[in-house]
Structure formats: structure tokens, C-alpha cells
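Residue-level structure breakdown
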Amino acid sequence: MLKSKTIFFCQNCGARYPKWQGQCQKCGKWNTIEEQIVQNPSKKIWDNSKSELTKSSTSPVLISEINVQSENRIITMDSEFNRVMGGGIVPGSIVLLGGEPGIGKSTLFLQLSLTLNQKVLYVSGEESENQIKLRADRIKHSKNNCFIYPESKLENIFIQAEKIGPDIIIIDSIQTLTTNSIDSVQGSITQLRSCTAELINFAKKTSIPIFLIGHINKDGNIAGPKILEHMVDTVLQFEGDNKHLYRILRVKKNRFGSTNEIGIYEMFSGGLKEILNPSEILIGNKNEKLSGTAICASVEGSRPIMIEVQALVSTAVYGTPQRTTTGINSKRLNMLLAVLEKRAGFNVVSKDIFINITGGLKVEDTANDLAIVAAILSSSGDKVIDETSCFAAEIGLSGEVRPVNRMEQRIKEAEKLGYSKIFISKYCDKMPTNKIKVIYLSNITDLMSMLTI
Ligand code: TYD
Ligand code: MG
């Protein structure tokens with residue numbers, strides 16, 4: 001006999017309360033607490049399991065006795081997506097994709113569905129068949145096997161899935177799904193949690209991979225409880241600036257691959273286009289000699305990318321100098337400026353400093369430090385850095401130039417793109433190179449003297 005109980009949940013952080021209140025004490029948000037009915041087993045789980053033990057069909061197996069069949073990953077036509085997923089889609093996996101509204105989540109998955117040779121069931125609780133067809137017409141595709149199903153009732157989705165027998169299911173979006181078994185409104189925490197649990201169950205039993213599109217909240221996290229991200233196998237984040245053409249697909253969690261990979265796309269009138277050679281696109285006109293730009297041999301995920309850092313240093317007009325960054329962490333800039341001031345005698349107090357990474361890219365690789373410092377010094381002294389030079393090193397608090405990982409890959413990429421000089425740390429292992437000249441630095445004061453070329 002199941003007893004039902006009323007519990008109040010915070011829709012933002014998932015905290016539980018015995019009675020309603022206006023503000024959540026855990027996350028501090030107002031009006032996020034909602035009433036929900038949960039069903040409690042009348043007996044203790046331990047007592048229940050004793051009586052049901054004999055019914056259980058599975059039992060523990062020795063790890064050495066488990067036979068692994070080779071994972072037959074589904075390889076899509078989108079090579080960026082395959083790489084981000086760790087080499088294709090794993091059967092029976094659940095993938096959650098989050099991103100700002102209008103960033104292109106529906107476009108990405110529709111394009112994937114239209115270019116796959118597999119049978120796809122695209123369930124949309126947000127758009128009608130006509131709207132999806134209009135979008136599909138913008139994306140060029142030849143033959144495909146994609147079924148569009150505008151529905152938000154989970155039970156109906158399972159019925160259709162069994163009828164059609166798709167190879168992949170796409171749900172746009174998880175927040176629109178509802179199940180009859182829960183007496184709660186669409187998009188509430190209990191609905192989200194139980195719909196996801198049902199879908200996971202379905203995916204694991206049938207080996208059909210399921211893709212979920214998730215809305216994000218104001219802070220950029222996937223709306224709903226954090227537990228959703230724990231339940232699924234892979235969490236992807238689609239980001240980019242609406243004003244910029246580039247979109248970046250990042251991995252926040254992946255049970256079947258690396259979380260460092262990124263996929264770069266360009267949004268154009270006919271859908272999303274993969275950017276296979278990002279370095280060539282992200283770097284502006286190499287022939288114009290401008291001060292304040294430096295190139296970094298960066299690595300995003302497993303792929304080397306040449307990134308252009310732009311700096312503008314000007315005299316501060318107001319008492320507090322401005323520090324504005326686009327694409328890098330402003331705290332990192334403050335640290336680099338403090339090091340420059342303390343270790344290299346560079347006066348930063350009376351200067352406004354602006355840093356920009358071209359292409360709307362957000363970078364976190366610490367190897368960008370040296371290029372950022374070089375760009376600042378170049379702009380400050382109005383000295384043009386040779387356009388065939390690039391940089392790859394981290395800067396420590398005592399002004400030392402530190403080595404970074406994947407040096408060989410960075411040098412190879414720089415060499416491939418025609419750079420003639422790369423500035424790296426003195427403490428890196430010496431590597432044989434063909435044409436490119438490697439310049440070893442031990443301290444940022446070395447850089448200051450080297451830049452006056
Ligand atoms: P959409 O996939 O609807 O975003 P989401 O599902 O994340 O909310 O993408 C909408 C944006 O993409 C919209 O602003 C128009 C743009 N777009 C293009 O520029 N070209 C295209 O071919 C398509 C289909 C969309
Ligand atoms: Mg959408």
C-alpha cells in the first residue's frame with residue numbers, strides 16, 4: 001500500500017521543505033517553492049526487498065566474467081559532433097544539450113537527424129510540424145528517415161517509439177514533457193525528474209540513444225534540479241554570442257569520452273556549418289601591421305587552435321582605471337597585470353586596459369598568458385609584434401615563464417600555418433623542429449627585451 005505525502009520543493013535548487021515558504025533558505029530565491037505529492041512506500045525498503053528478492057532477474061556478476069561486445073557507436077555525418085561525443089553516439093546513452101534560447105539547439109539536432117542514415121524520431125513539444133518543416137527546408141539535406149512528432153505526453157511518445165522503432169530519439173525539450181503518473185505541472189522538478197528517469201529506463205532497455213534538449217536558467221545552468229545532470233550520460237553545452245556567427249559545443253560531462261573536446265560551428269542561412277580549420281578563420285588579416293595583437297598557439301580540447309589576442313592600453317581618464325575583457329577571465333588579466341607591475345616595472349595604475357579574443361571565442365587555456373602580456377606590451381609601447389611570431393606559455397606569480405602541456409602539437413600547428421617564431425618556456429623539453437624557430441624565455445623581462453624587434 002503506497003501512502004502519499006505532500007512535500008515542498010524549491011524549483012531552482014531542489015531543496016525540500018515540510019511547509020510552504022516565500023524564500024528558499026538554500027539558494028535565496030523567492031517564489032520558487034512549490035507543493036508536490038510524493039508517494040512513500042509504507043514498509044521500509046529493506047523489508048520490501050526481502051519479499052521481492054526472489055523476483056529480481058539480475059544478480060551481481062564478477063567483473064572478469066562480463067563479456068563486452070564492441071561498442072557499435074553511431075557515426076554521424078557531423079565530424080565535430082562525433083569528436084565531441086568521444087567518437088560517435090553510444091547505443092542506449094542519454095545526452096542532454098543545454099544552451100541559451102535561439103543559440104541553435106533545435107537546429108543542431110534537426111540537422112543531425114536529417115543527415116543521418118538512421119531512423120530518427122524527433123519529438124517536439126515546442127514547435128508544430130509546419131514550423132519544423134520550415135526549418136528543415138532551410139537546412140540542405142538529401143534522403144533521410146526522420147519522423148517529426150509534436151507531442152509532450154511521455155506515454156504517447158513511448159507508444160509511437162515502439163510503433164516506429166527508431167534508431168535515435170530526440171526530445172525538444174525535456175521541460176515540455178509530462179507524464180500522467182505524476183500530478184504536477186509541466187516543467188516542475190518532479191515532472192522533469194520522473195520523465196528523465198523513464199526515458200533513461202527506456203534507453204537502457206532498448207539500446208536506443210536519446211537526446212534531450214534542456215532550457216537554461218539565468219545563470220547559464222540547465223533549468224531543473226542538478227540531479228538531471230547526474231542522471232544522464234553526457235551533458236553538452238551549446239554556447240556562443242548571438243552577435244557572432246560562431247557557436248561552440250562544449251562537453252560538461254561524458255561517461256564515454258573526454259570532457260575537454262569542443263566543436264566549432266558557424267551559423268549561416270542554411271543551418272550550422274562545421275569549422276574544421278578554426279585557426280585560419282579566427283586570425284584576422286595577417287598582412288596589416290597593427291600594434292596590440294599577439295597570436296597564441298592554444299589548445300582547446302584535443303585540438304590546437306591559433307588564437308588572436310587583442311589589447312588596447314590607453315591613459316585612464318577616471319580615477320579608477322578600466323579593465324575590460326572579452327573571451328578571457330578578468331581575474332586572470334588582473335593577475336597578469338599585477339605580475340607585470342611587480343616583476344617588470346610596467347605601470348598599470350594609470351592605464352585603461354581592454355582585452356579581446358577575436359571571433360567571440362571564450363578561452364581558458366593558461367598558455368594564452370604570454371600572448372596576453374605580449375599584446376599589452378605591444379599596445380602600450382605602440383610596437384608591432386612580427387606577424388609571423390606566436391606565443392604559448394603560462395606566467396607564474398613571480399614572473400617566470402612556465403611550460404604548458406601539448407607543446408609538440410602547438411608547435412606543429414604554428415609551423416603548419418606558416419609561423420616562423422614561437423616563444424615558449426625555457427623549461428620545456430627541447431623539440432626537433434623543421435622551419436619554425438623556437439625562442440625560449442625564462443622570465444617576462446626576457447619577453448620585454450625580445451619584443452622590441
Ligand atoms: P534554434 O535552433 O531555433 O535555437 P534554439 O532551439 O536553441 O532556441 O535557432 C534559432 C536561430 O538560428 C534563429 O535566430 C535563426 C537562426 N538560424 C539561422 O541563422 N540559419 C538557419 O538555417 C536556421 C535553421 C536558424
Ligand atoms: Mg528550440
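What counts and how
- Note that residues are indexed from 1 along each chain, following the sequence as it is written.
- Labels are handed out in written order, letters beginning with A for the chains and numbers beginning with 1 for the ligands.
- In view of the model being predicted, local features appear only for residues whose pLDDT reaches at least 70, and side-chain atom pairs are presented and counted only at 80 or more, with totals across whole chains, interfaces and linings using the full set of residues.
- Remark: hydrogens and water are excluded; side-chain values derive from all non-hydrogen atoms of the structure.
- For this purpose, a residue is taken to be near a molecule or strand whenever a single non-hydrogen atom of the residue falls within 4 Å of it.
- For the purposes of these results, a polar contact is taken to be a pair of N or O atoms within 3.5 Å, where, inside protein, one atom must be able to donate a hydrogen and its partner to accept one; residues adjacent in sequence count only when each atom of the pair is a side-chain atom.
- A helix here means a DSSP run of H or I that spans at least four residues, while a strand means a run of E at least two residues long, and both kinds are numbered starting from the N terminus.
- Each residue receives one of three labels: charged for Asp, Glu, Lys and Arg, nonpolar for Ala, Val, Leu, Ile, Met, Phe, Trp, Tyr, Cys and Pro, and polar for the others, Gly being one of them.
- Exposed residues in this analysis have more than 50% of their type's maximum accessible area, buried residues have under 20%, and partly exposed residues fall in between, with area computed by a 1.4 Å probe over protein chains only.
- Two residues qualify as a contact provided that any one of their heavy atoms is within 4.5 Å of a heavy atom in the partner residue.
- For every residue, the pLDDT score states the predictor's confidence, bounded by 0 at the bottom and 100 at the top.
- Where each domain begins and ends is defined by an automated method or by a domain database.
- Buried area counts how much accessible surface, traced with a 1.4 Å probe, disappears from two parts once they are put together, with both parts' losses summed.
- Pairing between two strands is assigned when DSSP locates at least 2 bridges connecting them.
- Aromatic rings from Phe, Tyr and Trp, with only the six-membered ring used for Trp, were paired whenever their centres fell within 6.5 Å, and each pair was classed as stacked if the ring planes differed by under 30 degrees, edge-to-face if by over 60, and tilted otherwise.
- Here, a charge over a ring is recorded when the distance from Lys NZ or Arg CZ to the ring centre is within 6 Å and its angle to the ring normal is within 35 degrees.
- Only the stretch in contact is used when fitting a helix axis, every axis being a line fitted to C-alpha atoms; angles between N-to-C directions are given from 0 to 180 degrees.
- What we call a nonpolar core is a set of buried Ala, Val, Leu, Ile, Met, Phe, Trp, Tyr and Cys residues that are connected through their side-chain atoms within 4.5 Å.
- Here a salt bridge means any side-chain nitrogen of Lys or Arg lying within 4 Å of a carboxyl oxygen belonging to Asp or Glu.

1. Overview of the site of ligand 1
Taken together, 15 residues form the shell around ligand 1, and within it Ser106, Thr107, Arg135, Phe268 and Gly271 come nearest. Side-chain polar atom of Ser106 to an oxygen atom of ligand 1: 2.6 Å apart, as the coordinates give it. Take Ser269: an N or O atom from its main chain is 2.9 Å from an oxygen atom of ligand 1. Among the elements of the structure, α3 (105-115), α4 (129-138) and β11 (262-268) are those that each provide at least two residues to the shell around ligand 1. Looking at the shell around ligand 1 element by element, the count peaks at 3 residues for α3. When its residues are assigned to classes, the shell around ligand 1 shows 4 nonpolar, 7 polar and 4 charged.

2. Some points on the environment of Asn82
Position of Asn82 among the secondary structure elements: in helix α2 (residues 79-84). Owing to a relative accessible area of 10%, Asn82 belongs among the buried residues under this scheme. Put simply, Asn82 and Gly263 are 181 residues apart on the chain and 9.1 Å apart in space, counted from C-alpha to C-alpha. Residues in contact with Asn82, not counting those within four places in the same chain, are Ile75, Thr76, Gly87 and Gly88.

3. Structural notes on the confidence of the model for the protein chain
Looking at the protein chain, pLDDT values average 85 and 91% of them are 70 or higher. At the low end of the mean pLDDT range in the protein chain sits helix α1 (residues 45-52), at 58; at the high end sits strand β18 (residues 394-395), at 95.

4. So, the domain arrangement of the protein chain
Under the domain assignment used here, the protein chain contains domain 1 (1-40), domain 2 (77-276) and domain 3 (281-450). Placing a centre on the C-alpha atoms of domain 1 and another on those of domain 2 gives a separation of 28 Å. Contacts between domain 1 and domain 2 engage 8 residues on the former and 10 residues on the latter. Both faces considered, domain 1 and domain 2 share a buried interface measuring about 660 Å² in area, 49% of it formed by carbon and sulfur atoms. Summed over the three residues of domain 1 that lose the most area to domain 2, namely Gln11, Asn12 and Gln36, the buried surface amounts to 50% of that side.

5. Quick word on the pairing of strand β9 (residues 234-240)
Across the 7 residues of β9, 5 count as buried, placing the element largely inside the fold. Strand direction decides the pairing type here: strand β4 (residues 94-99) and β9, joined by 5 bridges, are parallel. Its bridge partner lying in β9, Gly98 is registered against Gln237. Both β9 and strand β10 (residues 246-254) contribute to a ladder of 7 bridges, which runs antiparallel. By the bridge assignment, Gly240 is partnered in β10 with Arg247.

6. Here we look at the side chain of Lys421
Relative to the assigned elements, Lys421 resides in strand β20 (residues 421-425). For Lys421, the side chain forms a polar contact with the side chain of Asp386, separated by 3.4 Å. Apart from residues no more than four positions distant in its own chain, Lys421 is found in contact with Asp386, Thr388, Ser389, Cys390, Ile436, Lys437 and Ile439.

7. As for unusual backbone geometry
Of note, the amide linkage connecting Asp172 to Ser173 takes the cis form, showing an omega dihedral of 0°. At Asn31, a residue that is not glycine, the phi angle is positive and equals roughly 55°. With respect to the helices, strands and loops of the structure, Asn31 is situated in the loop between β2 (16-17) and β3 (33-41). Here Ser207, not a glycine, exhibits a phi torsion of approximately 65°, which is positive. Relative to the assigned elements, Ser207 resides in the loop between α6 (189-206) and β8 (210-214).

8. Here we look at the packing of aromatic side chains
Aromatic ring pairs: the centre-centre distance and the angle between the two ring planes describe each pair. Tallied over the full model, the rule gives 6 aromatic pairs. By the ring-pair criterion, three or more aromatic residues cluster together here, those being Phe81, Phe109 and Phe211. Residue placement shows Lys351 over the ring face of Phe346; its charged tip is 5.1 Å from the ring centre. The residue whose ring lies beneath Lys430 is Tyr440, and the NZ or CZ to ring-centre distance is 4.3 Å.

9. Looking at the sheet that holds strand β7 (residues 168-172)
Read from one edge to the other, the open sheet built from 9 strands follows the order β6-β5-β7-β8-β4-β9-β10-β11-β12, with strand pairing classed as mixed. Sheet topology places β6 (146-149) and β12 (271-274) at the edges, where each strand pairs with a single neighbour. Each neighbouring strand pair of the sheet contributes to a mean axis angle of 25°, computed without reference to strand direction. Strands in contact with α6 are β4, β7 and β8; relative to β8, the strand with the most contacts, it is inclined by about 160°.

10. Section: the nonpolar core
A general tendency of soluble globular proteins is for nonpolar side chains to be buried together. One finds Leu340, Ile355, Leu370, Ile376, Phe391 and Leu447 to be the most contacted residues of the largest nonpolar core, which totals 46 residues. No other element matches the 8 residues that helix α10 (residues 369-380) contributes to this core. Discounting chain neighbours no more than four positions away, the residues touching Ile376 are Ala311, Val313, Leu333, Leu337, Leu340, Phe346, Ile353 and Ile355. One finds Leu97, Ile132, Ile139 and Tyr265 within the second-largest nonpolar core, a separate group that totals 30 residues.

11. Describing the pattern of salt bridges
When the charged atoms of two side chains lie near each other, side chains of opposite charge can form a pair. Under the criterion given, the structure shown has 16 salt bridges. Note that Asp233 and Arg255 form a salt bridge whose closest N and O atoms lie 2.7 Å from each other. Here Asp233, found in the loop between α7 (227-231) and β9, pairs with Arg255, found in the loop between β10 and β11; they are 22 residues apart in sequence, far enough to count as distant. Salt-bridge contacts for Glu300 lead to Arg250; the nearest nitrogen and oxygen are separated by 3.6 Å. Highlighted residues: Glu300 in strand β13 (residues 293-300) and Arg250 in strand β10, separated in sequence by 50 residues.

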